[in-house]
There are 2 protein chains.
Amino acid sequence: MRVQRQDIIDAAMALLDDGGVDGLTMRRLAAALRIQAPSLYWHFAGKQALLDAMADALLAEMVLPEEEMPWDGWLRAVATEFRRALKSRRDGARVFAGTFPALDNVLRISDRIIAKLRAAGADERLAVRTLFTVQYFVLGFTIEEQAATPPPGGHGHEEGEGVDLMQVAQRLTAEQAARYPNAAITVKLLASDDDDARFRFGLDRLIDGLKAVMPS
Amino acid sequence: MRVQRQDIIDAAMALLDDGGVDGLTMRRLAAALRIQAPSLYWHFAGKQALLDAMADALLAEMVLPEEEMPWDGWLRAVATEFRRALKSRRDGARVFAGTFPALDNVLRISDRIIAKLRAAGADERLAVRTLFTVQYFVLGFTIEEQAATPPPGGHGHEEGEGVDLMQVAQRLTAEQAARYPNAAITVKLLASDDDDARFRFGLDRLIDGLKAVMPS
DNA sequence: ACCTGAACACCGTTCAAGT
DNA sequence: ACCTGAACACCGTTCAAGT
């Protein structure tokens, strides 16, 4: 049986979990599929097209909340699901960032979000700005979250790819800690704070701020 | 005169403007400095250490607002300056994202922001969460902003690195536009909307939301 | 203290050719 | 319609050696 486009995406996603974006090469991907690297170029125009397809695939599993909810709770739920989708694969947020794939899942989900906001009374511009404001926050948050090495008991992550916050805190020179005491505290506090709670904090502030400009 | 650490950072920044992060290679950087690539490893442990130094250098020009302002206006001004600093070099936001450099400029500016928020009555955790929430929004926004090709009259950007939103809009198949009408409108509206106004919109919503949880 | 030459182990992509 | 072999033009990094 020959390799299909979807087989390539599946294998690429698996490889992402193994070695991160930096470990995802066309040659390794081909080897995993037991074909030669140039064969991939029959299915995808180039590596970027593959990454676009992967970004879109990340959203495939997103479950949208029920339609009956008020827009603010609904948007909060969608943002939470978006973060979950990005986190479902190693470096998922980095793969998604920068790509602007006009592919099916991205279009489908954008469409539903805009529809919801418009139904709640927002005009086109307000709906679009709201969508992207929330998206930027989630994306920025999740990129940093995934860049940090999970504390001790991770199950993959062999390489020193991630940033260990504890280690960063300890490597601050005495001079730096004396000169920038608040920054020194920040690193330590950040390392011990709960990611989910931090995410909720930011998202709730944002949605609170959005409520003030949404009609009704 | 031999090459100094700062010369390398300066040359790397110039190279960034020329060819973006993808065009920044140790070999090209060395050539620009008229030395051989391995020499760079005497000054920096590896490419990542250089990128960290570049991320820190991006913040060197940041001008912090006067201390007398109320915290909300002050924070808005700092966020605006942060975006400006990221945009001062091609792909600046991408360079900054993911790195967590405990270097002087990053520490200095974090320290001042936390100090300001604490002086306004926030406890440590609230101050840290506020700082990072705003940072995530600005970073996410600016990454996407820099990923988009500036409309027509750009002065650099030879390669097809950026995403042309107009082109994306036109490449949507009739089937896609029919199935996801709101998404189709979104792409067009996004291409014509003003980036500065979009940035202010998101930032103001965020700061509005933060006001509700800050004491005083 | 700073730099080079040579080498290692890779990359993404093209293209003619095969089935 | 899908895949291969061979090749091109690169990468980041190490390391012994030079000044």
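Each value, and the rule that gives it
Residues numbered from 1 in each chain as written. Chains lettered and ligands numbered in written order. Predicted model: local features only at pLDDT ≥ 70, side-chain atom pairs only at ≥ 80, totals over all residues. Heavy atoms only, no water. UniProt positions renumbered as here; feature names shortened; annotations may be inferred. Helix = DSSP H or I, 4+ residues; strand = E, 2+ residues; numbered from the N terminus. Buried < 20%, exposed > 50% of the residue type's maximum accessible area, 1.4 Å probe, protein only. Contact = heavy atoms within 4.5 Å. Areas by Shrake-Rupley, 256 points an atom, 1.4 Å probe, with all protein chains shown as cover. Axes fitted to C-alpha atoms, helices over the stretch in contact; angles between N-to-C directions. Parallel < 35°, antiparallel > 145°, perpendicular 65-115°, else oblique. Left-handed = near helix turned anticlockwise from the far one by under 90°. Nonpolar A, V, L, I, M, F, W, Y, C, P; charged D, E, K, R; others polar. Buried area = accessible area lost by both parts, 1.4 Å probe. Salt bridge = Lys/Arg side-chain N within 4 Å of Asp/Glu carboxyl O. Polar contact = N/O pair within 3.5 Å; in protein donor to acceptor, adjacent residues only side chain to side chain. Least-squares fit on C-alpha atoms with pLDDT ≥ 70 in both. Near = heavy atom within 4 Å. Domains from an automatic or database assignment.

- The name recorded for chain A in an unreviewed UniProt entry is TetR/AcrR family transcriptional regulator C-terminal domain-containing protein, from Azospirillum endophyticum.
- Regarding chain A, the UniProt comment filed under Function (unreviewed entry) reads as follows: "TetR is the repressor of the tetracycline resistance element; its N-terminal region forms a helix-turn-helix structure and binds DNA. Binding of tetracycline to TetR reduces the repressor affinity for the tetracycline resistance gene (tetA) promoter operator sites."

### Notes on the overall build of chain A
Then, number 1: From N to C terminus, chain A includes 12 helices and 0 strands.
Then, number 2: Its C-alpha atoms put chain A at 55 × 55 × 25 Å along the principal axes.
Then, number 3: In chain A, buried positions account for 53% of the 216 residues.
Then, number 4: Put simply, 71% of the contacts in chain A that link residues at least 6 apart link residues at least 24 apart.
Then, number 5: Summing over all exposed atoms, chain A offers an accessible surface of approximately 10,400 Å²; the carbon and sulfur share of this is 51%.

### Here we look at the packing of helix H7 (residues 104-119) of chain A against helix H8 (residues 124-147) of chain A
What describes two packed helices is the angle between their axes and the distance between those same axes.
All names here are of chain A.
Then, number 1: Two elements in contact, H7 and H8, have axes separated by 9 Å at closest approach and are oriented at 130°. Classed by the angle they form, the pair H7 and H8 counts as oblique. Relative to H8, the crossing made by H7 is right-handed. Facing H7, whose interface residues are Ser110, Ile113, Ile114, Leu117 and Arg118, H8 presents Glu124, Ala127, Val128, Thr130 and Leu131.
Then, number 2: Tallied by class, residues from the contact of H7 with H8 come to 6 nonpolar, 2 polar and 2 charged.

### Here we look at the environment of serine 192 of chain A
Then, number 1: Within the secondary structure, serine 192 of chain A sits in helix H11 (residues 181-192).
Then, number 2: As a C-alpha pair, serine 192 of chain A and arginine 76 of chain A span 116 residues in sequence and 24 Å in three-dimensional space.

### Thoughts on the side chain of aspartate 193 of chain B
Then, number 1: On the secondary structure map, aspartate 193 of chain B appears in the loop between helix H11 (181-192) and helix H12 (195-211).
Then, number 2: For aspartate 193 of chain B, a relative accessible area of 13% puts it in the buried group.
Then, number 3: When near neighbours in sequence (up to four residues on either side) are disregarded, aspartate 193 of chain B contacts Arg125 and Arg129 of chain A together with Arg198 of chain B.

### Topic: the interface of chain A and chain B
Then, number 1: At the interface, 56 residues of chain A touch 57 residues of chain B.
Then, number 2: Counting each side, the surface lost to burial between chain A and chain B is near 5,200 Å², with a carbon and sulfur contribution of 69%.
Then, number 3: The interface formed by chain A and chain B contains 4 salt bridges.
Then, number 4: As a salt-bridge pair, arginine 129 of chain B and aspartate 193 of chain A come within 2.9 Å of each other at their nearest N and O atoms.
Then, number 5: Connecting chain A to chain B are 10 residue pairs in polar contact (both at pLDDT 80 or more).
Then, number 6: Every element with two or more residues in the side of chain A that touches chain B is listed here: H7, H8, helix H9 (165-171), helix H10 (174-179), H11 and helix H12 (195-211) of chain A.
Then, number 7: When residues in the side of chain A that touches chain B are grouped by element, the largest group, 18 residues, is from H8 of chain A.
Then, number 8: Across the side of chain A that touches chain B, the residue classes tally to 32 nonpolar, 12 polar and 12 charged.

### Considerations on the relation of the copies chain A and chain B
Then, number 1: Between chain A and chain B, which share one sequence, the superposing operator has a rotation angle of 180° and an axial displacement of 0.0 Å; the RMSD is 0.0 Å. When the rotation and shift are considered jointly, the pair of chain copies conforms to a two-fold rotation axis.
Then, number 2: The overlap is high: 100% of the interface residues of chain A also sit at the interface in chain B, so the same surface is used on both sides.

### Quick word on the protein's contact with DNA strand D
Then, number 1: Taken together, 18 residues sit near DNA strand D, with Val3, Gln36 and Trp42 of chain A together with Arg27 and Tyr41 of chain B positioned nearest.
Then, number 2: Protein-proximal atoms of DNA strand D, defined as those within 4 Å of the protein, fall in sugar or phosphate at a share of 58%.
Then, number 3: Within the side chain of serine 39 of chain A, an N or O atom sits 2.9 Å from a phosphate oxygen of DNA strand D.
Then, number 4: Of all the secondary-structure elements, those providing two or more residues to the surface near DNA strand D are helix H3 (40-43) of chain A together with helix H2 (26-32) of chain B.

### Details of the domain arrangement of chain A
Residues and elements named next belong to chain A.
Then, number 1: The assigned domain composition of chain A is domain 1 (5-58) and domain 2 (71-162 + 195-213).
Then, number 2: Each partner contributes residues to the interface: domain 1 has 18 residues there, and domain 2 has 18 residues.
Then, number 3: With both sides pooled, the region where domain 1 packs onto domain 2 buries about 1,500 Å², and carbon together with sulfur makes up 55% of that total.
Then, number 4: Ranking the residues of domain 1 by area buried against domain 2 places Asp17, Asp56 and Leu58 at the top, with a combined share of 39%.

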